[in-house]
Amino acid sequence: MGMTMTQKILAKHAGKDLVKPGDLITCRLDRVLANDITAPPAIKEFEKIGRPVFDKDRIVLVPDHFIPNKDIKSAGLAKIVRDFAKAHHITHYYETGRAGIEHVILPEKGIVGPGMLTIGADSHTCTYGALGGFATGVGSTDLGAAMATGTCWFKVPEAIKVIITGKKPADITGKDVMLTLIGMIGVDGALYQSLEFTGDGIAELSMTDRFTMANMAIEAGAKNGIFPVDEKTKAYEQGRVEDYEIVTADSDAVYKRTVTIDLTALTPVVAFPHLPGNTKAIGTFGDIPIDQVVIGSCTNGRLEDLAIAAKILEGRTVHPDVRCIVIPGSQEVYKEAMKKGYIDTFIDAGCVVSTPTCGPCLGGYMGILAAGERCVSTTNRNFRGRMGHVDSEVYLAGPQVAAASAILGKIAAPKEVK
């Protein structure tokens, strides 16, 4: 029996020739990641073990959820991470002002790459599957043990083959593709399974599209999402990661099911409250007035996302009843956006531009919603109370829909902007 991409990576890191779904294995880790919320409890568990870190170069600590610190409690959490990084001489510690959102900066800085096995105490660690590696989220206890041992246990997952075909329309982004998939299979449709993307339509997807899609694999309940390494992947890794192994699925790999998405047939979609799987195509519902728009996050805070939004907002103004918050995913994205004039475009349109932070995505700060307010957001979750009051509503969409909605004051497609 052949193996999928995920199974092959797990087998190699477990020192085995073959693994099959359901096997319990222990793997060596290439990267171990935590942030300002998840690192403190992991550090507490690590200290109980009484050992040094397994490798100061393979642990990555990125304060990003409440950064810059929003209050005394968040400042205390950040200090725990900072002190630990200093004490253990952690190479990849990224302080405020020199970092950004973890799932944007790790690929950007070449810390993760093809064939690698990465765990992170953050559910959206699965983002790195866009590069052809296995990446998944774990709890802080497992992460604390991993910082000491450099290993973690896994149950080998079954896989779903997602075949991408057709040509991507100009008004479609990876967010639309992934929301469409989640709408098809449900938020538990890939529970503890690997979403393995394939098909000739993959070539139509930019790296930004792929990061967005892998990022939201967890929103379908998946253990991870993973893309094949192609010429676009190799071009992205040029100058970032030079020494890597390309893993491909065996021709006789076994999949639990196959799902096909034809890019040509897609239209912009929105996930209605209060689940990412509650998707509807724009044009199939009436006017929904909004109060706020958020463009950013680990899902859609990359330069291409800002470029898409800036193109729509250029020469236009945010609706007077709407607050539009733009958050670049990293300092590098921020700098490039300034060079290209996107930041001026956003400010001239009436947006507020924030320093890189997760902030509003998890209801932390920089965009909390009051009761009864509606927000169109390029983030990844829209559970009840996710961005503020339990009686607020979050609609998930791509950057093109978010920008158009900010201008018109209601959920809208780019083609509606005149």
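Numbering of residues begins from 1 in every chain and follows the order in which that chain's sequence is written. Residue-level local features of this predicted model are given only where pLDDT is at least 70; pairs of side-chain atoms are given and counted only at 80 or more, and the full residue set underlies all totals for whole chains, interfaces and linings. Excluding hydrogens and water, the side-chain figures rest on all heavy atoms present in the structure.

For the protein, the name recorded in an unreviewed UniProt entry is 3-isopropylmalate dehydratase large subunit, with Acidaminococcus intestini as its organism. Its UniProt record, at the heading Function (unreviewed entry), says of the protein: "Catalyzes the isomerization between 2-isopropylmalate and 3-isopropylmalate, via the formation of 2-isopropylmaleate." Per its UniProt entry, the protein bears the Sequence similarities (unreviewed entry) comment "Belongs to the aconitase/IPM isomerase family. LeuC type 2 subfamily." UniProt positions are given in the numbering used here, feature names are shortened, and annotations may be inferred rather than shown by experiment.

Here we come to helix 7 (residues 207-215). Relative accessibility thresholds used throughout: buried, under 20% of the residue-type maximum; exposed, over 50%; partly exposed, between the two (1.4 Å probe, protein chains only). Only DSSP runs of H or I reaching four residues or more are called helices, and only runs of E reaching two or more are called strands; each is numbered from the N terminus. The buried fraction of helix 7 amounts to nine of the nine residues, a majority that puts the element mostly inside the structure. Residues of helix 7 that are buried: M207, T208, D209, R210, F211, T212, M213, A214 and N215.

Salt bridge, as applied in this entry: a Lys or Arg side-chain nitrogen positioned within 4 Å of an Asp or Glu carboxyl oxygen. In total, this model carries 21 salt bridges according to the counting rule given. The partner of K48 in a salt bridge is E45, and the shortest N-O contact between them spans 3.2 Å. Of the two residues, K48 and E45 both sit in helix 2 (residues 39-49), three residues apart, roughly one turn of that helix. Take K48: its relative accessible area is 58%, and that puts it in the exposed class. Where salt bridges share partners, they join R28, D30, D55 and R58 into one cluster.

Looking at where I411 falls in the secondary structure, it is placed in the segment after helix 13 (399-408). Of the residues examined, I411 reaches a relative accessible area of 4% and is grouped as buried. Distance from I411 to D287, taken between C-alpha atoms, is 6.9 Å for residues 124 residues apart in sequence.

Turning our attention to the layout of surface pockets. The computed volume of the largest pocket comes to approximately 260 Å³. Both cavities and pockets are sets of points on a 1 Å grid over the protein atoms alone; in a cavity a 1.4 Å probe fits but cannot get out, in a pocket the set is open with protein on both sides within 12 Å along at least five of seven lines, and lining residues sit with an atom within 4 Å of a point. E108, Y236, R240, R302 and L303 are, among the 13 residues lining the largest pocket, the residues nearest its centre. Those elements that provide at least two residues to the lining of the largest pocket are helix 4 (102-108), helix 7, helix 10 (303-313) and helix 11 (331-339). Tallied by class, the residues present in the lining of the largest pocket amount to six nonpolar, one polar and six charged. Domain start and stop positions are those given by an automatic or database domain assignment. Formed jointly, the lining of the largest pocket draws a minimum of three residues from each of two domains, domain 1 (3-260) and domain 2 (267-414). Grid points are joined across faces, edges and corners, and a volume is the space filled by probe spheres set on the points. As a volume, the second largest pocket reaches approximately 220 Å³. Along the walls of the second largest pocket sit 19 residues, with H65, D122, H124, L362 and R386 positioned nearest its centre. Listing elements by their share of the lining of the second largest pocket, those giving two or more residues are helix 4 and helix 9 (297-300). Taken together, the residues of the lining of the second largest pocket sort by class into six nonpolar, nine polar and four charged. Lining the lining of the second largest pocket are residues from two domains, each supplying at least three of them: domain 1 (3-260) and domain 2 (267-414). Residue type decides the class: Asp, Glu, Lys and Arg count as charged, Ala, Val, Leu, Ile, Met, Phe, Trp, Tyr, Cys and Pro as nonpolar, and the leftover types, Gly among them, as polar.

A few words on the UniProt feature "binding site: [4Fe-4S] cluster" (unreviewed entry) in the protein. Using the residue numbers shown here, the UniProt feature "binding site: [4Fe-4S] cluster" (unreviewed entry) corresponds to C298, C358 and C361. For the annotated residues, spread through 64 residues, the largest C-alpha to C-alpha distance comes to 9.1 Å, consistent with a single compact locus. Lining residues of the second largest pocket drawn from the annotated list: C298, C358 and C361. Assignment of secondary structure puts C298 in helix 9. Whether two residues are in contact is decided by their heavy atoms, any of which lying within 4.5 Å being enough. In this view, C298 contacts I101, H103, V104, H124, N215 and N380; residues no more than four positions away in its chain are not counted. With respect to the element layout, C361 can be found in the loop between strand 16 (352-353) and strand 17 (374-377). Of the residues examined, C361 reaches a relative accessible area of 7% and is grouped as buried. Residues contacting C361, with those up to four places away along its chain left out, are T379, N380, R386 and M387.

Read across the open sheet, the five strands follow the order 4-3-2-5-6; overall the sheet is parallel. Whereas interior strands pair on both sides, the edge strands pair on one side only; in this sheet they are strand 4 (92-93) and strand 6 (134-137). Bridge analysis of strand 5 (residues 117-120) against strand 6 gives four bridges, and the strand direction is parallel. Within strand 6, the residue paired with T118 across the bridge is A135. The pairing criterion for strands is at least two bridges between them, as found by DSSP.

Before going further, it helps to spend a moment on the packing of helix 2 against helix 3 (residues 72-87). Two elements in contact, helix 2 and helix 3, have axes whose closest approach is 9 Å; the angle formed by their N-to-C orientations is 50°. Judged on the interaxial angle alone, helix 3 and helix 2 are oblique. Classified by chirality, the crossing of helix 3 by helix 2 is left-handed. Facing A39, P40, I43 and F46 of helix 2, the residues of helix 3 in contact are L77, I80, V81 and F84. A breakdown of the residues in the contact of helix 2 with helix 3 according to their chemical character gives eight nonpolar, no polar and no charged. Axis definition: a line fitted to C-alpha atoms, limited for helices to the stretch in contact. Angles are taken between N-to-C directions and run from 0 to 180 degrees. Angles are sorted into four bins: roughly parallel if under 35 degrees, roughly antiparallel if over 145, roughly perpendicular if 65 to 115, and oblique for all others. In this scheme the handedness of a crossing depends on how the near helix is turned from the far one: anticlockwise by less than a right angle means left-handed, clockwise means right-handed.

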